[in-house]
Amino acid sequence: QVQLVESGGGFVQPGGSLRLSCAASGSIFSIYRMGWYRQAPGEQRELVAYIIRTGMTNYADTVKGRFTISRHNAKNTVYLQMNSLKPEDTAVYYCSFGGVVDGTGRYDYWGQGTQVTVSS
């Protein structure tokens, strides 16, 4: 059974920084895509960024130049470095792992979510 555990959320003032982490536990051979989504109150969940196994990345326009996604394949972990945070970045952030290959097949998983609040 694969589980994703997120950490690093919290409260920060505008202009501040936070670093989110999401680690997968379980018997995993490989993970194709690791990503972060967010959902603000009353809004739909939206893609923030993703990174595939080759290292190629993609970012939402709203976070380009401020957020950086990275991954450590040996640790089955993805990171999201968030700089120059704005109040509109306030949301619950979810990690998402796609194409997780274990001994039985290929699956997608979601983390439990971590709250990020940007406010003065």
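Before any of the text, the structure's been laid out above.
My aim in this report is to walk through the structure given alongside it, one point at a time. (Residues numbered from 1 in each chain as written. Predicted model: local features only at pLDDT ≥ 70, side-chain atom pairs only at ≥ 80, totals over all residues. Heavy atoms only, no water.)

### Side note on the pattern of salt bridges
Alright, step 1. Summed over the entire model, instances satisfying the criterion amount to four salt bridges.
Alright, step 2. For the salt bridge of E46 with R38, the shortest nitrogen-to-oxygen distance reads 2.8 Å.
Alright, step 3. When its relative accessible area of 36% is taken as the criterion, E46 is described as partly exposed.
Alright, step 4. The exposure class of R38 is buried, given its relative accessible area of 5%.
Alright, step 5. Put simply, R38 and D89 hold a salt bridge, and the shortest N to O gap is 3.0 Å. With a gap of 51 residues between them, R38 in strand β4 (residues 30-39) and D89 in the loop between β8 (77-82) and β9 (91-101) connect regions that are remote in the sequence. (Salt bridge = Lys/Arg side-chain N within 4 Å of Asp/Glu carboxyl O. Buried < 20%, exposed > 50% of the residue type's maximum accessible area, 1.4 Å probe, protein only. Helix = DSSP H or I, 4+ residues; strand = E, 2+ residues; numbered from the N terminus.)

### Digging into the environment of F67
Alright, step 1. Within the element layout of this structure, F67 appears in strand β7 (residues 67-72).
Alright, step 2. Along the primary structure F67 and L80 are separated by 13 residues, whereas in three dimensions their C-alpha atoms are 6.7 Å apart.
Alright, step 3. Apart from residues no more than four positions distant in its own chain, F67 is found in contact with R38, V48, Y59, L80, Q81, M82, N83, L85, D89 and Y93. (Contact = heavy atoms within 4.5 Å.)

### A few points about unusual backbone geometry
Alright, step 1. Phi angles above zero are rare outside glycine, and N76 is one such case at about 50°.
Alright, step 2. With respect to the helices, strands and loops of the structure, N76 is situated in the loop between β7 and β8.
Alright, step 3. Although it is not a glycine, S84 adopts a positive phi angle of roughly 50°.
Alright, step 4. Here S84 lies in the loop between β8 and β9.
Alright, step 5. On the basis of relative accessible area, S84 is assigned to the partly exposed category, the value being 41%.

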